[in-house]
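In case you want the letters, here they are:
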Amino acid sequence: MELLDWIVIGLFGVALIGIIVWVLSQKEETSGDYFLAGRDASWIAIGASIFASNIGSEHLIGLAGAGASSGMAMAHWEIQGWMILILGWVFVPFYSRSMVLTMPEFLERRYNPESRTVLSLISLVSYVLTKVAVTVYAGGLVFQQVFGIETMWGIDFFWISAIGLVLLTALYTIFGGMKSVLYTSVLQTPILLGGSLVIVVLGLKAVGGWDQVLEIAGATQVNEYGDSMINLIRDNRDADFPWLGALIGSSIIGFWYWCTDQFIVQRVLSGKNETHARRGTIFGAYLKLLPVFLFLIPGMIAYAMSAKGNVMLNGELYVLPTADAAFPSLVAQLLPAGIKGLVVCGILAALMSSLASLFNSSAMLFTIDFYKRFKPETPEKKLVKIGQVATVVIVILGILWIPIMRSIGDVLYEYLQDVQSVLAPGIAAAFLLGITWKRASAKGGFWGLMSGFIIGITRLGSKVYYENVQGAADSLFKTVFFDTNWLFFCGWMLLVCLVVVIVVSLLTEAPDEKKIQGLVFGTSTPEQKAATRASWNGWDVFHTAVILGLTVAFYIYFW
C-alpha cells in the first residue's frame, strides 16, 4: 500500500462520517423509522441496498475462491438472483398490505404466534452462526492478505482487522440505524462495481484475454465424466454439483433468500410505496447479474494466471496461494497505486454494509418478535434503545463464534450454501403455501416449519459427527442424512415439508376468512387489487423480461 492508497481510504472514511453525521441530525422517533428508514426509501436506494447488503465476504473471498477451485459450478446460486423479481411481483403486495415489520410477524398474521417464534429463532441462530461470523472471519482474512501484515503489537493481524471491522460497523449501525445502511450503500455500490471491473479488465490483460481463460479452464477436468471448469451444467453423477441437484438446490435457496429472508425483505419493506418496492427489486435484479463477472470470473482469471506459470505482476511471478486468496491477491499484486486504495474501500464498504444490515436485521427480529411481544406497552423510543443493545449482543456472539469458524478454511461459499440448504426448505414451504393456498392452516404452517428445522438440525449434526468419527458403520440413517448429495437432500426436504403442511392443514381447522384477508391469493378486495394494478406499468414488465432473457442467455453460453 502506497501513500496515494492511504489518501483514497482517508477520503472514503470522511465521506462515511459525513453520511452518519447527516443521519444523526435526522432523529428517528419510532422503531419503524430506526429499522425501516421511516418507509420512505426510493427504488434506487432499495436496489443499491439489496445489492450492497448481499455482496459480503462470501463473494469477495468465497465466490472468487469457488471460481478458482471449481470454475462456474457455484454460478447457479448467483444467477438465481432473478428470483428477487418474484419478491417484487408476487410477495410485495401481500407484505405491504399486512403492514408488518418482520417476516416472522407476517407468519403470525398468516398462521399463529408459534410459527413466528420458530422463524425468529431459526433466523437469529443462522445470522449469528453463519452470516455474522463468516463475514467477520473473511473480512479479517481479506485485510491480512491485502495489507500483507502478519502481526501488529504482537497480535495476529487477522484479529485486529476482524474486530476493528466489527466495532466500526457496530457503531455505524447503532447510531445511524437503517438510514445509515441505506444511504451509505448508495455510495458503496458504484465503488465496489468500479473497483471489481478494473480487476477483471487488468486481470484479462495480464493473462492474455478471455480466450486464454476459457482455454486453460476448459482443459481442467473436474470429474471423470468429461466436464471442465467452464461447464455450468455438469453430469448428474458429479459428486458435488449434479446438474439436476444444482438447479433444484439453488432454486430453493434462492426462493428462501430473495423472497422470505428478513435480511433482504427488510430493504424492500422500507420503500415509499408498492411501486418503489417493486422497482427496487427490478433494479436489484439488474445489479445481481454482475457478481458472476465481478467476483467469480476473477477467481478463474487468478487460476489461469497461476496455471500458466509465467505471468509477471509488478516484477513478481504470480502464484495463487490458496483458492480463497484469489480476489485479495489480485488486489494486492495487480492494481496500481490509488486504484488499489479505491478497491480496498470497495471491499471495506461491502463488508461494512453486509455486517450493518445483519446487525440491524437481527436487532429488529429480537426487538419486534421477542421483546415487544412480551412487553407490548414499551414506548417506541425504548424499543429503539433495546434494538441497539441487541445489536451489541449479536456483535459479541459473532466474535465469540469466530475461533470455531476459523476451522472452515477454504470452503466459505460452499459452507454457507450447505448450511442454507438445510435451513431454507421448511421456511420456503411455509411461505409458498401460505400465500398460494387458502386452506393452509395455522398448525399446518407451524409443523411445516418445525419439520424443516428438525430435519435440518439432524442433517447438520450428522455431518459434524460422521466427518469426525472414523470408520462409522453404514446404516439407513447415515445413507439418508450423510451420504445423500446435499443438493438432492435439499430438494427432498422441501417435498417432505410441503407434504407436512398439506396433510396437517387438511386434518386441522381451516383458517378464518377474515384473518387471511389480503394475505393469500384469491382473498384480496377489489380496492387492494386496483391499488396493486396501479403500481406497475409496461416499463416494469419490459425490464423484468430483459432480466429473465439475460439469465437464459447466461445459461446457454456456459451450458
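If you're wondering where the values come from, they're calculated on a predicted model, not measured in any experiment. (Residues numbered from 1 in each chain as written. Predicted model: local features only at pLDDT ≥ 70, side-chain atom pairs only at ≥ 80, totals over all residues. Heavy atoms only, no water.)

A. Structural detail: the overall build of the protein. Check the secondary structure of the protein and you find 23 helices and four strands. A compact globule built from 559 residues would reach a C-alpha radius of gyration of about 24 Å, and the protein, at 23 Å, matches this within 12%. Taking contacts inside the protein between residues at least 6 apart in sequence as the whole, the part at least 24 apart equals 82%. If you sum the accessible surface of the protein, you get close to 21,700 Å²; carbon and sulfur atoms cover 68% of it. Computed over 35 positive and 38 negative side-chain charges, the separation of the two mean positions in the protein equals 10 Å. (Helix = DSSP H or I, 4+ residues; strand = E, 2+ residues; numbered from the N terminus. Rg over C-alpha atoms; globule rule 2.2 N^0.38 Å. Contact = heavy atoms within 4.5 Å. Areas by Shrake-Rupley, 256 points an atom, 1.4 Å probe, with all protein chains shown as cover. Lys, Arg positive; Asp, Glu negative; His and termini not counted. Charge placed at Lys NZ, Arg CZ, Asp CG, Glu CD.)

B. Layout of the nonpolar core. Core analysis: the biggest nonpolar cluster contains 156 residues, and Met72, Leu87, Tyr95, Val331, Ile347 and Phe431 have the highest contact counts within it. It is helix H16 (residues 339-374) that contributes the most residues to this core, 15 residues altogether. Not counting residues up to four positions away in its chain, the partners in contact with Leu87 are Val92, Tyr95, Trp258, Cys259, Ile264, Val265, Val268 and Thr281. Counting five residues, the second largest nonpolar core, distinct from the first, contains Ile455, Phe481, Phe489 and Met493. (Core = buried A, V, L, I, M, F, W, Y, C linked by side-chain atoms within 4.5 Å. Buried < 20%, exposed > 50% of the residue type's maximum accessible area, 1.4 Å probe, protein only.)

C. Region of interest: the side chain of Arg459. With respect to the helices and strands, Arg459 occurs in helix H19 (residues 442-468). Although buried, Arg459 forms no salt bridge, and the nearest oppositely charged side chain, Asp418, lies 4.9 Å from it. Here Thr484 takes part through its backbone oxygen, which lies 3.2 Å from a polar atom of the side chain of Arg459. (Salt bridge = Lys/Arg side-chain N within 4 Å of Asp/Glu carboxyl O. Polar contact = N/O pair within 3.5 Å; in protein donor to acceptor, adjacent residues only side chain to side chain.)

D. Broad picture of the packing of helix H11 (residues 243-260) against helix H12 (residues 262-269). Where H11 contacts H12, the axes come no closer than 5 Å and their chain directions differ by 35 degrees. For the pair formed by H11 and H12, the contact residues are Tyr257, Trp258, Cys259 and Thr260 on the first element and Gln262, Phe263, Ile264 and Val265 on the second. For the contact of H11 with H12, the per-class residue count stands at six nonpolar, two polar and no charged. (Axes fitted to C-alpha atoms, helices over the stretch in contact; angles between N-to-C directions. Nonpolar A, V, L, I, M, F, W, Y, C, P; charged D, E, K, R; others polar.)

E. Seen up close, H16. Over its 36 residues, H16 extends 51 Å from the first C-alpha to the last, a length consistent with the 52 Å expected when each residue adds 1.5 Å. Thr367 marks where H16 bends most, by close to 30 degrees. For H16, a buried count of 30 out of 36 residues is recorded, marking the element as mostly surrounded by other parts of the structure. (Expected span 1.5 Å × (residues − 1). Bend = angle between axes of the 7 residues up to and from the residue.)

F. A look at H11. With 18 residues, H11 should cover 26 Å at 1.5 Å per step; its first-to-last C-alpha distance of 25 Å lies within 8% of that length. Along H11, 13 of the 18 residues are buried, which leaves the element largely enclosed by surrounding structure.

G. Spatial organisation of the environment of Ser361. Within the element layout of this structure, Ser361 appears in helix H16. Separated by 252 residues in sequence, Ser361 and Arg109 have C-alpha atoms that sit 20 Å apart. Sequence-distant contacts of Ser361, defined by excluding residues within four places in its chain, comprise Tyr127, Gln262, Phe263, Gln266 and Arg267.

H. Inspection of the confidence of the model for the protein at higher detail. Per-residue pLDDT for the protein averages 82, and the proportion of residues at 70 or more is 92%. No element of the protein has a lower mean pLDDT than helix H2 (residues 31-36), which averages 54, and none a higher one than helix H21 (residues 486-507), which averages 94. (pLDDT = per-residue confidence, 0-100.)

I. Expanded view of the environment of Ile84. Along the chain, the position of Ile84 falls in helix H6 (residues 84-98). Considered as a pair, Ile84 and Phe283 are 199 residues apart in the sequence and their alpha carbons are 9.9 Å apart. When neighbours within four sequence positions are excluded, Ile84 is seen to be in contact with Ile50, Trp258, Thr281 and Ala285.

J. Representation of the packing of aromatic side chains within the structure. Under the defined criterion, the tally for this structure stands at 21 aromatic pairs. Ring centres 6.3 Å apart and planes at 75 degrees place the aromatic pair Trp77 and Phe241 in the edge-to-face group. One end of the pair, Trp77, is in helix H5 (residues 75-79); the other, Phe241, is in the loop between helix H10 (210-218) and H11, and 164 residues separate them in sequence. Ring centres of Phe446 and Trp447 lie 5.1 Å apart, and the angle between their planes is 75 degrees; this geometry places the pair in the edge-to-face category. With relative accessibility at 42%, the residue Trp447 sits in the partly exposed group. Taken together, the ring pairs connect Trp210, Phe293, Phe554, Tyr555, Tyr557 and Phe558 into an aromatic cluster. Positioned above the aromatic ring of Trp89, the side-chain terminus of Arg278 is 5.0 Å from the ring centre. The ring of Phe489 is capped by Arg459, whose NZ or CZ atom sits 4.5 Å from the centre of that ring. (Phe/Tyr/Trp six-rings, centres within 6.5 Å; stacked < 30°, edge-to-face > 60°. Lys NZ or Arg CZ within 6 Å of the ring centre and 35° of its normal.)

K. View of the side chain of Asp5. Tracing the backbone through its elements, the reader meets Asp5 in helix H1 (residues 3-25). Lacking a salt bridge, the buried Asp5 has Lys340 as its closest oppositely charged neighbour, with an N-O distance of 4.9 Å. At 2.9 Å, the side chain of Asp5 and the backbone nitrogen of Gly341 are in polar contact. If we ignore the near neighbours within four places in the chain, the residues touching Asp5 are Pro336, Ala337, Gly338, Ile339, Lys340 and Gly341.

L. Region of interest: the state of the cysteines. Under the defined criterion, the tally for this structure stands at zero disulfides. Cysteine Cys490 is unpaired, with the sulfur of Cys497 as its nearest cysteine sulfur at 9.6 Å. Judged by its relative accessible area of 0%, Cys497 is buried. (Disulfide = S-S within 2.5 Å.)

M. Examining the environment of Ser98 more closely. With respect to the element layout, Ser98 can be found in helix H6. Using a relative accessible area of 4% as the deciding quantity, one classes Ser98 as buried. C-alpha of Ser98 to C-alpha of Ile516: the two residues are 418 residues apart in sequence and 9.7 Å apart in space. Residues in contact with Ser98, not counting those within four places in the same chain, are Phe106, Arg109 and Leu519.

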